[in-house]
Amino acid sequence: LKARPLGCSPFLARAAPAASLLGAMAKSKNHTGHNQIYKNHRNGIKKTRRPKKMSMQGMNCKFVRNQAFAKRGMKCTSEEKEQRLAAQKEAQKRM
């Protein structure tokens, strides 16, 4: 049996002498951006669509709830609107 250096696996001992002395070669290239720009431009780079409605997620829930009730309260017919305006003017005269 041949004596092999300490810390060396039996597979490397049988390999070429350069591999056993230097160990495995380190990989030099980890990433490349080759062809990525071409691929991105094939369908065109588009702007993101803006949402039609702003998300209420993360807003103060008390505010969101009150806002919904306020929007519902604004809905009224033209007759109701006239009555409300008249009531407002009366209240302003009292002040």
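Residues numbered from 1 in each chain as written. Predicted model: local features only at pLDDT ≥ 70, side-chain atom pairs only at ≥ 80, totals over all residues. Heavy atoms only, no water.

Visitor: When you look at the overall build of the chain in this model, what are you seeing that I'm missing?
Guide: Assigned secondary structure in the chain consists of five helices and zero strands. Its helices and strands in sequence order give the chain the pattern α-α-α-α-α, from N to C terminus. Per-residue burial over the chain gives 1% buried out of 95 residues. (Helix = DSSP H or I, 4+ residues; strand = E, 2+ residues; numbered from the N terminus. Buried < 20%, exposed > 50% of the residue type's maximum accessible area, 1.4 Å probe, protein only.)

Visitor: What is the right way to read the pattern of salt bridges from this model?
Guide: Once their charged atoms are close, side chains differing in charge can pair, the charge on each being opposite to the other. Within the structure shown, the criterion is met by one salt bridge. A salt bridge links Arg94 to Glu90, with the nearest nitrogen and oxygen atoms 3.9 Å apart. Taken together, the positions of Arg94 and Glu90, both in helix α5 (residues 78-94) and four residues apart, correspond to about one turn of that helix. You can call Arg94 exposed: its relative accessible area is 67%. (Salt bridge = Lys/Arg side-chain N within 4 Å of Asp/Glu carboxyl O.)

Visitor: Before we go on, may I ask you to explain helix α4 (residues 61-74) in this structure?
Guide: Residue pairs spaced three or four apart in an α-helix point in one direction, given the helix's 3.6 residues per turn. Between the first and last C-alpha of α4 there are 20 Å, a value that for 14 residues agrees with the 20 Å anticipated at 1.5 Å per step. Little of α4 sits inside the fold, with zero of its 14 residues counted as buried. (Expected span 1.5 Å × (residues − 1).)

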